[in-house]
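Structural characterization, general
Chain by chain, the residues run as shown.
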Amino acid sequence: MASKEILLLVLCWGLVVLATTSFGANVTYDHRAVVIGGKRRVLISGSIHYPRSTPEMWPDLIQKSKDGGLDVIETYVFWNLHEPVRNQYNFEGRYDLVKFVKLVAEAGLYVHLRIGPYVCAEWNYGGFPLWLHFIPGIQFRTDNEPFKAEMQRFTAKIVDMMKQEKLYASQGGPIILSQIENEYGNIDSAYGAAGKSYIKWAAGMALSLDTGVPWVMCQQSDAPDPIINTCNGFYCDQFTPNSNNKPKMWTENWSGWFLSFGGAVPYRPVEDLAFAVARFFQRGGTFQNYYMYHGGTNFDRTSGGPFISTSYDYDAPLDEYGLIRQPKWGHLKDLHKAIKLCEAALVATDPTYPSLGPNLEATVYKTGSGLCSAFLANIGTNSDVTVKFNGNSYLLPAWSVSILPDCKNVVFNTAKVCLVSCIMIFSYTNIKADEPLLEDGSKTVLHVQSLGHALHAFINGKLVAFAGSGYGSSSNAKVTVDFPIALAPGKNTFDLLSLTVGLQNYGAFYEKTGAGITGPVQLKGSGNGTNIDLSSQQWTYQTTFDAPAGSEPVAIDFTGMGKGEAWVNGQSIGRYWPTYVSQNGGCTDPCNYRGAYSSNKCLKNCGKPSQSLYHVPRSWLKSSGNTLVLFEEIGGDPTKISFVTKQLGSSLCSHVTDSHPLPVDMWGSDSKIQRKPGPVLSLECPNPNQVISSIKFASFGTPLGTCGSFSRGRCSSARSLSSLLLQACVGSKSCSIGVSVNTFGDPCKGVMKSLAVEASCT
């Protein structure tokens, strides 16, 4: 094969800086965009909640976000963490908000600080401290003087902290936006006129704090001027601000969905997520935020709901442990680059919409100075369509958007994913418990009613055998149980242990939603019908262990345990509940990305525990002599507990069709491939000290399967792909090769072909 037919390139994967971050600038807005230092900006943002990870993880999370093409990090502020007791504050460790904001600034990114202070966020009690509930005469989130006084006091404290550290952009800091309240428009009708006056008060209160940056209210169509009303949802391309003077902003683009104990694992295909983002920018949006970009972990008892799991992975581009999730992270990174190539045109003018036909939409941003960028969308869900635009033909897959930075050449299509992935490896280490388990107790009916969320019955200090537990679900938290029991002669002691699995965090008057045993509690058949006040019985197990070797993220596999909470070296890693298994039906893996996404459209892990692995941050571990304490509620076998390390495996895969656009990294390059445009397959080892050592699979034609299980399809090139790839890739950290019949021959004429490769890195 002639050398000119092998397109070997060494790619620089660093972020192309199209606009430098400028702190200390005046931040305003107009109808097109947020304006920083007098310049309209297209801004791509991602949510990272600082207490859902650790300070040791923050720099890496922020850097990976920047590498993925983000301009802004968005976070809530969590009132109940910072003021657990009234007037007693905590801003240490995972709660060090100032440190987090400063780290974002050091990386050269902006911050959107969503103070709220109501946050929802699947967070316990919506972020409100429990002491707030007991203030006489208080009613949350309405025109109520006790509540407004507390809300203003905390909001002002956070603003003052930021000002003291000079963290607002008006002071030279990274904070360019702040949010007051949160999704109140979804439930404000329940509060009537008092809700309307409350929102006006909240807006005025926020403005009076004089931050020097704009304030937003999400999901608030009547947000008073100059507050910007913004959109939250899976799609926001049809959203319109409530004033022609405000930009179109998307504060929560749900990158996946949260997991509930007892539920299957939801996920969102990256093709649909990218489609939603591209549609938003196509239709005039200029600020978009992924909720979440890194979800993290609900440590301690911070999960809300009720029944929100300890994992808050959210199928985000960075997974719960901070590892890059492919192909989602990489595909979105390319999307961001494509959008940034259009930034000058996007912010310079308003769009026009030439007609293409049913379910097809062209959007053009063209200026008198010659700037021109276009988006071509096929919003149909069934058929790919070839369209004519500006005299050229373009194939638009169903439910996709093509981006043309120069109104001529396609640099990116949302449905064309260059599948680049690494196989995840989980390494298990078993431990031995130091304490034996309590044995089950002996086996008239004990009737208990509770508002939720779970309860356990003990007689004479032992859990009622076989039927001693009851629990609700995320759709109905109430618990009504009848425990069959056998009483011993003489005195019997009854204990009921009532548990919450995250306090309600959403809805009108949600603070009035109760939990716990409200009765009646009855002994049926005992002849006395006595109502009994009951207390809890606690069981504790403790074991010591050595930390797994290496630096990879660590988790505990609680298979064999029942339900409870765990502490490692005094730090609560959260609730565990491996016995709560999701229903068998309803999973769709893989899931068709075409068509509108919803939280139950794409599910996996049916018939299995909702969560088995529980994150233990490396910074909480010592090399040896670590202490694991378990509060086990219903019984289990601690000897079955395993410690797991999660790491990227040595196998690296990529799968690219011959209809893919030229990689966005090569746009505008003067390299040889730019003069011969076409799709390119790229491989890059995930660790900096690795090189590609072998080619395990290669097929050009119609290969089948996914990474780790590729197989040849009905047609496959007869040429020796391995030798071509050996020449191009082995011994290098990264390589690229053109996906073309010129290189591999045409094994099946008239059929769309693709190149699938699995390689090893060592």
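Cut-off values and rules
Residues numbered from 1 in each chain as written. Predicted model: local features only at pLDDT ≥ 70, side-chain atom pairs only at ≥ 80, totals over all residues. Heavy atoms only, no water. Helix = DSSP H or I, 4+ residues; strand = E, 2+ residues; numbered from the N terminus. Expected span 1.5 Å × (residues − 1). Buried < 20%, exposed > 50% of the residue type's maximum accessible area, 1.4 Å probe, protein only. Phe/Tyr/Trp six-rings, centres within 6.5 Å; stacked < 30°, edge-to-face > 60°. Lys NZ or Arg CZ within 6 Å of the ring centre and 35° of its normal. Pairing = 2+ DSSP bridges. Axes fitted to C-alpha atoms, helices over the stretch in contact; angles between N-to-C directions. Contact = heavy atoms within 4.5 Å. Parallel < 35°, antiparallel > 145°, perpendicular 65-115°, else oblique. Left-handed = near helix turned anticlockwise from the far one by under 90°. Nonpolar A, V, L, I, M, F, W, Y, C, P; charged D, E, K, R; others polar. Salt bridge = Lys/Arg side-chain N within 4 Å of Asp/Glu carboxyl O. Disulfide = S-S within 2.5 Å. Polar contact = N/O pair within 3.5 Å; in protein donor to acceptor, adjacent residues only side chain to side chain. 1 Å grid on protein atoms, 1.4 Å probe; cavity = no way out; pocket = protein on both sides within 12 Å on 5 of 7 lines; lining within 4 Å. Points joined across faces, edges and corners; volume = space filled by probe spheres on them.

The chain appears in an unreviewed UniProt entry as Beta-galactosidase 8 from Citrus sinensis.

**Regarding helix 6 (residues 270–282)**
Relative to the 18 Å expected for 13 residues at 1.5 Å per residue, helix 6 spans 18 Å between its end C-alpha atoms, a close match to the ideal helical length. Helix 6 sits mainly inside the fold: 13 of its 13 residues count as buried. Among the residues trailing helix 6, Gly284 stands out with phi positive, at a value near 100°.

**Some words on the packing of aromatic side chains**
Evaluation of the coordinates by the stated rule reveals 45 aromatic pairs. Sitting over the ring of Tyr89, Lys157 keeps its end group 4.2 Å from the ring centre. The cationic tip of Arg268 hangs over the ring face of Tyr235; the distance from NZ or CZ to the ring centre is 5.2 Å.

**Remarks on the sheet that holds strand 4 (residues 43–48)**
One closed barrel accounts for eight strands, arranged 4-5-6-7-8-9-10-12; its pairing is parallel. Recorded for the sheet is a direction-independent mean angle of 30° between the axes of neighbouring strands. In the packing of helix 1 (residues 58–67) onto the sheet, the strands contacted are strand 4, strand 5 (72–76) and strand 12 (287–294), and the crossing angle to strand 12 comes to about 140°. On top of the sheet, helix 7 (residues 328–341) reaches strand 4 and strand 12; it is set at about 165° to strand 12, its chief contact.

**Focus: the packing of helix 6 against helix 7**
When two helices pack together, their arrangement is given by the angle between their axes and by how far apart the axes lie. Where helix 6 contacts helix 7, the axes come no closer than 10 Å and their chain directions differ by 15°. Judged by the angle between their axes, helix 6 and helix 7 are roughly parallel. Classified by chirality, the crossing of helix 7 by helix 6 is right-handed. Counting all contacts with helix 6, which are made through Val270, Leu273, Ala274, Val277, Ala278 and Phe281, the residues of helix 7 involved are Lys328, His331, Leu332, Leu335 and Ile339. When its residues are assigned to classes, the contact of helix 6 with helix 7 shows nine nonpolar, one polar and one charged.

**Thoughts on the pattern of salt bridges**
A side chain with one charge may pair with a side chain of the opposite charge, provided their charged atoms come close. Throughout the structure, instances matching the rule amount to 31 salt bridges. Residues Asp60 and Lys64 are paired through a salt bridge, measuring 2.9 Å at the closest nitrogen-oxygen approach. Taken together, the positions of Asp60 and Lys64, both in helix 1 and four residues apart, correspond to about one turn of that helix. Overall, Asp60 belongs to the partly exposed group, its relative accessible area being 39%. Among the charged side chains, a salt-bridge network with shared partners connects Arg41, Asp71, Lys340 and Glu343.

**A look at the state of the cysteines**
Working definition: the covalent bond between the sulfur atoms of two cysteines is a disulfide. As enumerated under the stated definition, the model contains eight disulfides in all. Bridging Cys587 to Cys606, the disulfide has an S-S length of 1.9 Å. One disulfide, between Cys587 and Cys606, carries an S-S torsion of 100° and so falls in the right-handed class. In this pair, Cys587 is assigned in the loop between strand 30 (571–576) and strand 31 (603–604) and Cys606 in the loop between strand 31 and strand 32 (613–616), connecting sequence segments 19 residues apart. The class of Cys587 is partly exposed, set by a relative accessible area of 31%. Of the residues examined, Cys606 reaches a relative accessible area of 16% and is grouped as buried. For Cys591, the disulfide goes to Cys602, at an S-S distance of 2.0 Å. Negative torsions about the S-S bond denote left-handed disulfides, and the value of about -55° found for Cys591 with Cys602 makes this one left-handed.

**A word on the side chain of Lys340**
Take Lys340: it is sitting in helix 7. At 2.9 Å, the side chain of Lys340 forms a polar contact with the side chain of Asp71.

**Here's the deal with unusual backbone geometry**
Residue Pro226 is reached from Asp225 by a cis peptide bond, and omega for that bond is 5°. Across the junction of Gly305 and Pro306, the peptide omega takes the value 10°, indicating a cis bond. Even without being a glycine, Tyr125 presents a positive backbone phi close to 60°. Along the polypeptide, Tyr125 turns up in the loop between strand 6 (110–116) and helix 4 (145–164). Positioned with a positive phi, Asp315 is a non-glycine residue whose angle comes to about 55°. In this structure, Asp315 sits in the loop between strand 12 and helix 7.

**Focus: the layout of surface pockets**
Of the voids in this model, the second largest pocket is the one considered here, and its volume is about 560 Å³. The wall of the second largest pocket is formed by 24 residues, among which Ser260, Gly262, Gly263, Ala264 and Ser474 lie closest to the centre. Here the lining of the second largest pocket is composed, by residue class, of eleven nonpolar, 13 polar and no charged.

**Structural notes on the pairing of strand 33 (residues 626–632)**
Buried residues dominate strand 33, accounting for five of its seven residues. Bridging between strand 29 (residues 564–568) and strand 33 involves five bridges; their strand directions are antiparallel. In the sheet register, Ala566 faces strand 33, and the bridge partner there is Leu630.

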